[in-house]
Amino acid sequence: MLSRPGLALYLAPRELPFILVGGAIGALGVWSAAPMAAAALTTFLVAFQVKAEILTKPRS
C-alpha cells in the first residue's frame, strides 16, 4: 500500500512484553497451521503501534 499526499503513517515498536506476546502469537499461529498471512498480520499489529493521520495541509 502506498501512502497518498496528506496521509501520514507512523510505526513504532511497542514495549518488550508486547513484542514477546506478538512473537508467541505468531509462533502459535504457524504451529497450529493457521494461514501464514493471518499469523504474520496479528504478530505485526501486536508488536508494533500503527497510527494513521490525515493531514489537513500536506507537509512540504
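Residues numbered from 1 in each chain as written. Predicted model: local features only at pLDDT ≥ 70, side-chain atom pairs only at ≥ 80, totals over all residues. Heavy atoms only, no water.

If you want to describe how two helices pack, look at the angle between their axes and the distance between the axes. Where helix α1 (residues 16-31) contacts helix α2 (residues 36-47), the axes come no closer than 8 Å and their chain directions differ by 175 degrees. Taken together, α1 and α2 sit at an angle that is classed as roughly antiparallel. Touching F18, I19, V21, G22, G23, I25, G26, G29 and V30 of α1 are M36, A39, T42, T43, V46 and A47, all from α2. (Axes fitted to C-alpha atoms, helices over the stretch in contact; angles between N-to-C directions. Helix = DSSP H or I, 4+ residues; strand = E, 2+ residues; numbered from the N terminus. Parallel < 35°, antiparallel > 145°, perpendicular 65-115°, else oblique. Contact = heavy atoms within 4.5 Å.)

Bringing the environment of G29 into the picture now. Along the chain, G29 falls in helix α1. In this structure, the C-alpha to C-alpha distance between G29 and T43, residues 14 residues apart in sequence, is 9.2 Å. Once residues within four sequence positions are removed from consideration, G29 is found in contact with A34 and A39.

Okay, α2 next. Under the 1.5 Å per step criterion, the end-to-end length of α2 is 16 Å for twelve residues, consistent within 8% with the ideal 16 Å. In the core, the buried residues of α2 are packed alongside β1 (7-13), α1 and β2 (48-54). (Expected span 1.5 Å × (residues − 1).)

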